[in-house]
Amino acid sequence: MEHPFDYTAMHKDVLKEIGNIGAGNAATSLSKIVNQTIQMETPVVHIVSFDEMMEKAGGKEEVQAAIHVEMLGGLKGSMFFVIDPAEASELVGMMTGDPSLSVNEGDPFATSAFLELGNILTGSYIRALSDFTQLDIHQSVPSVAIDMVGAMLTQGLIEISQISDYAIMIETVFSDAESKTNQLQGHFILLPDPEAFQHIFKALGVSEHG
Amino acid sequence: MVKISQSVKVGIAGLDIVEHPGTITTIGLGSCVGVVLYDQQTRLAGLVHVMLPHSDISKSSEFKLGKYADTGIDAVLELMKSRGANMHRIKAKIAGGAQMFSRQGSGDTLRIGPRNVEAVKEELARRNIAVVAEDTGGNKGRTIEFDTETFLLKVRTVQLGERMI
């Protein structure tokens, strides 16, 4: 089956810009928290099957730490912040000044610090999105899981899977620019609900069908 | 005749069947439910990776049958029947249906896992298929593999490792 999204390169550029503005703001926040330069790659807009989406995010069985928030209000969807658990621990260490913390061992302090970090980052992303589109976007309380990528990301597919076998995933990768040996790499994954696209395009003055 | 052991992989919202002595597997079940149907006499097994409870919520006319509990189970049964499985002998083992993320005051979408499990059980009961083993609910992702030699379902989670049901 072909995917039902009748979007041109221009539509994809608009979605890329969304990722750029959102993740850019989040990267700035992260950079302040850990006091290091954070580098961001150009966002990528993937129109992919659900299986392909999990491959893009590292593979279905790959264990990652993820923060999930629901976007509510003027723009609905899911947002994930996904990072290797060891790197999540490293970020938490930088944030708290205690390098011994590990999110992987179920330490409630480390986990709640990671959750707070995720809250700040997804909050910055969504705030920038809200400002840019002038849509009144709220976010749910965040929640955290450390588990198989495939098991976690399907949470973001519940709405779109009712209309399509494909998802549109706006992915931005960031890394810390300073350390060369032990580079941190995190992913912001935005999965708008199906009707969110028309709101985005309308808000930015782009006709939905190109 | 020498039979070559096959290992069949089923994707998200996918479905397939395997003959003895093969195995059939699906990876990274979260809120989704893996439904294994098997006939011990013909040693045929089928698997569907169910994402959503019922096809009446579908907003499109064309979809992968394995996405929903009702259409997915029927499609696997059809495939099995066409290969000689007997409806009266078919049993089920199910796994998945976790709630991966939880927070206070959250709506229905976070509870999709338990709703999927409920729907799968209803659809199986409606077709008189007994669930002989299950590993459902909780908050952990699962990878499953069913073996047509032993009729055991291997369930792997990150925290607890492997168990057979």
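Residues numbered from 1 in each chain as written. Chains lettered and ligands numbered in written order. Predicted model: local features only at pLDDT ≥ 70, side-chain atom pairs only at ≥ 80, totals over all residues. Heavy atoms only, no water.

1. Topic: the overall build of chain B
Counting its secondary structure elements, chain B contains two helices and ten strands. The helix and strand sequence of chain B, counted from the amino end, reads β-β-β-β-β-α-β-α-β-β-β-β. What you see for chain B is a C-alpha radius of gyration of 15 Å, in line with the 15 Å of a compact globule of 165 residues. Residues counted as buried form 53% of the 165 residues belonging to chain B. Within chain B, contacts between residues at least 6 apart in sequence are counted, and of these 63% link residues at least 24 apart. (Helix = DSSP H or I, 4+ residues; strand = E, 2+ residues; numbered from the N terminus. Rg over C-alpha atoms; globule rule 2.2 N^0.38 Å. Buried < 20%, exposed > 50% of the residue type's maximum accessible area, 1.4 Å probe, protein only. Contact = heavy atoms within 4.5 Å.)

2. A short note on the packing of helix α1 (residues 69–82) of chain B against helix α2 (residues 112–126) of chain B
Residues and elements named next belong to chain B. For the pair α1 and α2, the least separation of the axes is 9 Å and the interaxial angle reads 45°. When the interaxial angle is binned, α1 and α2 end up oblique. Here the hand of the crossing between α1 and α2 comes out right-handed. For the pair α1 and α2, contact is made by A69, D70 and I73 and by A119, V120, E123 and L124, respectively. (Axes fitted to C-alpha atoms, helices over the stretch in contact; angles between N-to-C directions. Parallel < 35°, antiparallel > 145°, perpendicular 65-115°, else oblique. Left-handed = near helix turned anticlockwise from the far one by under 90°.)

3. Quick word on the sheet that holds strand β4 (residues 33–39) of chain B
All names here are of chain B. Pairing is mixed across the open sheet formed by five strands, whose spatial order is β2-β5-β4-β6-β7. At either end of the open sheet lies a strand with only one pairing partner, and these are β2 (15–18) and β7 (130–136). On average, each strand axis in the sheet is tilted by 15° relative to the strand beside it, whichever way the strands run. Summarising the sheet, β2 and strand β5 (residues 44–50) pair through four bridges and their orientation is antiparallel. Pairing of D16 across the sheet is with L47, part of β5. (Pairing = 2+ DSSP bridges.)

4. Some thoughts on the sheet that holds strand β10 (residues 161–164) of chain B
Residue and element names in this part refer to chain B. Across the sheet, which stays open at both edges, the five strands sit in the order β1-β3-β8-β9-β10 with mixed pairing between neighbours. Two strands close off the open sheet at either side, each with one partner strand: β1 (7–10) and β10. Each adjacent strand pair in this sheet contributes to an overall mean axis angle of 20°, direction not counted. With four bridges connecting them, β1 and strand β3 (residues 23–29) associate as parallel partners. Paired with K9 across the two strands is T25, which belongs to β3.

5. Points about the packing of aromatic side chains
Residue and element names in this part refer to chain A. Evaluated as defined, the whole model comprises eleven aromatic pairs over all chains. For the ring pair Y7 and F197, a centre distance of 6.0 Å and an interplane angle of 50° mean the geometry is tilted. Residue Y7 is found in the segment before α1 (9–34), and its partner F197 is found in helix α6 (residues 196–203); the two are separated by 190 residues along the sequence. Using a relative accessible area of 0% as the deciding quantity, one classes F197 as buried. (Phe/Tyr/Trp six-rings, centres within 6.5 Å; stacked < 30°, edge-to-face > 60°.)

6. Some points on α1(A)
Residue and element names in this part refer to chain A. Compared with an ideal rise of 1.5 Å per residue, which puts 26 residues at 38 Å, α1 spans 36 Å between its outermost C-alpha atoms and is within 8% of the ideal. Within α1, the full set of buried residues consists of H11, V14, L15, I18, G19, G22, A23, A26, A27, S29, L30 and V34. Phi turns positive one or two residues past the end of α1, at N35, with a value near 60°. (Expected span 1.5 Å × (residues − 1).)

7. Section: the side chain of B:T25
Mapped onto the fold, B:T25 is located in strand β3. Excluding anything up to four places from it in sequence, B:T25 contacts B:V8, B:K9, B:V10, B:L47, B:I144 and B:E145.

8. Re the interface of chain A and chain B
Interface extent is often summarised as the accessible area lost during association of the parts. On the chain B side, the residues contacting the 33 residues of chain A number 34 residues. Taking both sides of the interface into account, the surface hidden between chain A and chain B amounts to around 2800 Å²; carbon and sulfur atoms contribute 58%. By the criterion of area lost to chain B, the three top residues of chain A are A:M148, A:Q155 and A:Q162, representing 20% of everything that side buries. There are two salt bridges connecting chain A and chain B. Between A:E61 and B:R156 there is a salt bridge, with its nearest N and O atoms 3.2 Å apart. Elements supplying a minimum of two residues to the side of chain A that touches chain B: α2 (50–56), β3 (63–73), β6 (143–148) and α5 (149–153) of chain A. Tallied by class, residues from the side of chain A that touches chain B come to 17 nonpolar, nine polar and seven charged. (Buried area = accessible area lost by both parts, 1.4 Å probe. Salt bridge = Lys/Arg side-chain N within 4 Å of Asp/Glu carboxyl O. Nonpolar A, V, L, I, M, F, W, Y, C, P; charged D, E, K, R; others polar.)

9. Here's the deal with the packing of α1(A) against helix α4 (residues 108–133) of chain A
Residues and elements named next belong to chain A. Put simply, α1 and α4 touch, their axes get as near as 8 Å, and they point 140° apart. When the axis of α1 is compared with that of α4, the two are oblique. α4 is crossed by α1, and the crossing has right-handed handedness. Touching E17, I18, G19, I21, G22, A23, N25, A26, S29, L30 and I33 of α1 are L117, I120, L121, S124, Y125, A128, L129, F132 and T133, all from α4.

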